[in-house]
Amino acid sequence: MAWPLLEIGLFVEIGSRLGLWGTIGAVLLTFALGLTVLRSQGERAQNLRAAMQGIGDPAVPLAHEALILFAGLLLILPGFFTDALGLLLLLPPVRALAIARLKNKVVVQGYNMRQPRRADEDGPGTVIEGEFLEVDPKNPSSRGDSGWTRH
């Protein structure tokens, strides 16, 4: 309940100083910035991929990317308080501080990013046992009584 009231109060206070068009312009500007941040996340994913492939610990890059994504979402939301939080989260020292504070509260159990094994590596691949019945395509009446094959 406090968050919407804070946003309304800031809209009234800042809106009275900026005027209608200044307020609308500020909201649209931060919306565009938020979209830009979200779109740039695809380009930044290479750092995360390198960390996930065993080059480093993915926890910190993942946390930074998640906070940048969250900052973009906050910037898209209309409101001066959410915009201020979003802008703050775009600053690397603020993200580092947030990660340091959250690090003790979040436990990473582990991760496994191994590639699926091919059948010609290290022996046979996964074996799935099952039964089958060959169906003569010229004689469809010889199909089984499965619900998938009944007409």
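Fair warning: this is a prediction, and the values are worked out from it, not measured in the lab.

> How do you make sense of the packing of helix 2 (residues 59-76) against helix 3 (residues 80-89) when you look at a structure like this?
To characterise two packed helices, one gives the angle between the axes of the helices and the distance between these axes. Relative orientation of the contacting elements helix 2 and helix 3 amounts to 155°, with a least axis distance of 8 Å. Considering the angle they form, helix 2 stands roughly antiparallel to helix 3. Crossing of helix 2 over helix 3 shows left-handed handedness. Of the residues in helix 3, those touching helix 2 at Leu67, Phe70, Ala71, Leu74 and Leu75 are Thr82, Asp83, Leu85, Gly86, Leu87 and Leu89. Its residues placed into classes, the contact of helix 2 with helix 3 shows eight nonpolar, two polar and one charged.

> What exactly am I supposed to notice about a nonpolar patch on the surface here?
A surface patch of nonpolar side chains, amounting to about 490 Å² of accessible area, comprises Met1, Leu5, Ile8 and Val12. Among the structural elements, Leu5 can be located in helix 1 (residues 2-55).

> Quick question: what am I supposed to make of the side chain of Thr30 here?
Assignment of secondary structure puts Thr30 in helix 1. Since its relative accessible area comes to 13%, Thr30 is described here as buried. Residues in contact with Thr30, not counting those within four places in the same chain, are Leu75, Ile76 and Asp83.

> Just to check I follow, could you spell out the pattern of salt bridges for this structure?
Pairing of side chains with opposite charge becomes possible as their charged atoms draw close. With the rule as written, the count across this model stands at one salt bridge. Taking the shortest distance from any N to any O, the salt bridge between Arg17 and Glu13 comes out at 3.0 Å. Residue Arg17 and its partner Glu13 are located together in helix 1, separated by four residues, close to a single helical turn. On the basis of relative accessibility, which here comes to 67%, the residue Arg17 falls in the exposed class.

> Is there a simple way to think about the packing of helix 2 against helix 4 (residues 92-103) in this case?
The contact between helix 2 and helix 4 brings their axes to 10 Å, and the two run at 115°. Pair helix 2 / helix 4 crosses with right-handed handedness. Together, Val60, Ala63, His64, Leu67 and Ile68 of helix 2 and Pro92, Arg95, Ala96, Ala98 and Ile99 of helix 4 make up the contact between the two elements. Its residues placed into classes, the contact of helix 2 with helix 4 shows eight nonpolar, one polar and one charged.

Reading guide: rules and limits
Residues numbered from 1 in each chain as written. Predicted model: local features only at pLDDT ≥ 70, side-chain atom pairs only at ≥ 80, totals over all residues. Heavy atoms only, no water. Axes fitted to C-alpha atoms, helices over the stretch in contact; angles between N-to-C directions. Helix = DSSP H or I, 4+ residues; strand = E, 2+ residues; numbered from the N terminus. Parallel < 35°, antiparallel > 145°, perpendicular 65-115°, else oblique. Left-handed = near helix turned anticlockwise from the far one by under 90°. Contact = heavy atoms within 4.5 Å. Nonpolar A, V, L, I, M, F, W, Y, C, P; charged D, E, K, R; others polar. Patch = residues over 30% accessible without salt bridge, like charges linked within 9 Å, V, L, I, M, F, W, Y side chains within 5 Å. Areas by Shrake-Rupley, 256 points an atom, 1.4 Å probe, with all protein chains shown as cover. Salt bridge = Lys/Arg side-chain N within 4 Å of Asp/Glu carboxyl O. Buried < 20%, exposed > 50% of the residue type's maximum accessible area, 1.4 Å probe, protein only.

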